[in-house]
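# Tertiary structure, described
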Amino acid sequence: MTTALITGATAGIGAAFARRLARDKHDVVLVARDTERLRRHATELHDRHGVEASILTADLATDEGIEAVEERLGDRRHPVELLVNNAGFGHKGRYPEVPLEDELRMLKVHCEAVLRLTTAAVESMRERGRGAVINVSSVTAFLPRGTYGASKAWIAQFTQGAAQDLGPSGVRLMALCPGFVRTEFHRRAEMRTEKVPGWMWLNADRVVDTAMADLARGRVLCIPDPRYKTLLGVARLAPHGLVSRVSSSVGRFGPR
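Bear in mind the structure is a predicted one, so any value in this text is a computation, not a measurement.

## Digging into the nonpolar core
For soluble globular proteins, nonpolar side chains are generally found buried alongside one another. Counting 44 residues, the largest nonpolar core has I6, F17, L21, L30, L82, I134 and L176 as the members making the most contacts within it. Excluding anything up to four places from it in sequence, L176 contacts F17, I134, N135, V136, S137, S138, V207, A211, C222 and P224. Counting residues in each nonpolar core, the second largest holds 32 residues, with A61, L83, V133 and V171 among its members.

## Some details on the side chain of D75
Assignment of secondary structure puts D75 in the loop between helix 3 (63-73) and strand 4 (82-85). A distance of 3.3 Å separates the side chain of D75 from the side chain of H78, its partner in a polar contact.

## Section: the sheet that holds strand 4
Spatially, seven strands are ordered 3-2-1-4-5-6-7 in an open sheet, and the strand pairing comes out parallel. Edge positions in the open sheet fall to strand 3 (53-57) and strand 7 (221-222), since each of these has one partner strand only. Of the strand pairs in this sheet, strand 1 (residues 3-7) and strand 2 (residues 27-32) are connected by five bridges, and their pairing is parallel. The residue bridging I6 from the neighbouring strand is L30, located in strand 2. Together, strand 1, strand 2, strand 4, strand 5 (131-136) and strand 6 (171-176) form the strand contacts of helix 1 (residues 12-23), whose direction differs from that of strand 1 by roughly 170°. Across the sheet, helix 5 (residues 146-166) lies against strand 5, strand 6 and strand 7, angled at about 160° from strand 6, the strand it touches most.

## Comments concerning the pairing of strand 5
A large share of strand 5 lies buried, amounting to six of its six residues. The alternating pattern of strand 5 places G131, V133 and N135 on one face and A132, I134 and V136 on the opposite face, and all of these are buried. Bridging between strand 4 and strand 5 involves four bridges; their strand directions are parallel. By the bridge assignment for strand 5, V84 is matched with I134. For the segment spanning strand 4, helix 4 (residues 100-128) and strand 5, crossover handedness is right-handed. In this structure, strand 5 lies alongside strand 6, joined through six bridges in parallel fashion. Paired with I134 across the two strands is M174, which belongs to strand 6.

What counts, and where the lines are drawn
Residues numbered from 1 in each chain as written. Predicted model: local features only at pLDDT ≥ 70, side-chain atom pairs only at ≥ 80, totals over all residues. Heavy atoms only, no water. Core = buried A, V, L, I, M, F, W, Y, C linked by side-chain atoms within 4.5 Å. Buried < 20%, exposed > 50% of the residue type's maximum accessible area, 1.4 Å probe, protein only. Contact = heavy atoms within 4.5 Å. Helix = DSSP H or I, 4+ residues; strand = E, 2+ residues; numbered from the N terminus. Polar contact = N/O pair within 3.5 Å; in protein donor to acceptor, adjacent residues only side chain to side chain. Pairing = 2+ DSSP bridges. Axes fitted to C-alpha atoms, helices over the stretch in contact; angles between N-to-C directions. Right-handed = clockwise from strand over helix to strand, strands pointing away.

So, in structure tokens, the structure goes:
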């Protein structure tokens, strides 16, 4: 039985990954900041699917939190075959309304943590000649949406470039770029979503199912819905100013 490690595992896309992987009989390591929520989720997965579900409390906005997850990923006795870098958050305000310290905290979670955890996982995976990493980005990576979009663009570009660099090593990397997903992400960031049309909302479990199918196909970029693929195709052809105005009027695209 293989082991998967999921960050941001207590809600939204992270919880959906944990459910899907446990259902597929993978042992899971659940990472988040809230120990009690982690325990409840781990107990539920163990009782329902009969897998080993362990928890690791870590705040990926801190060096200590990142180091704790790096250490687990480097454990050769209990190797992780699949890493899902899902932890992330957004800000309510626009640049430069958001305090700089909050922006730097977001970069720590979205960029530094993703880089360090991917590297820790890939090092041991290359030794075994197998393994996979899914880094959760967003469709906002392809749209002009401020610092959040810039951090998600970094995830998408880093993942695709790293996948190419790893070549025939046996290690697969994929960037997952969903749009609006019905989770607690926007509520926690106090973002208003009333202008978002109903048809733009995605289901977290379906997003994960598509991601796992695309990973199995060897794809390095997953946009998990034909509606968003069409929107991004149109956005690439439309004038930059028009795309900026439309994305601002609808709101921030978020992967949770």
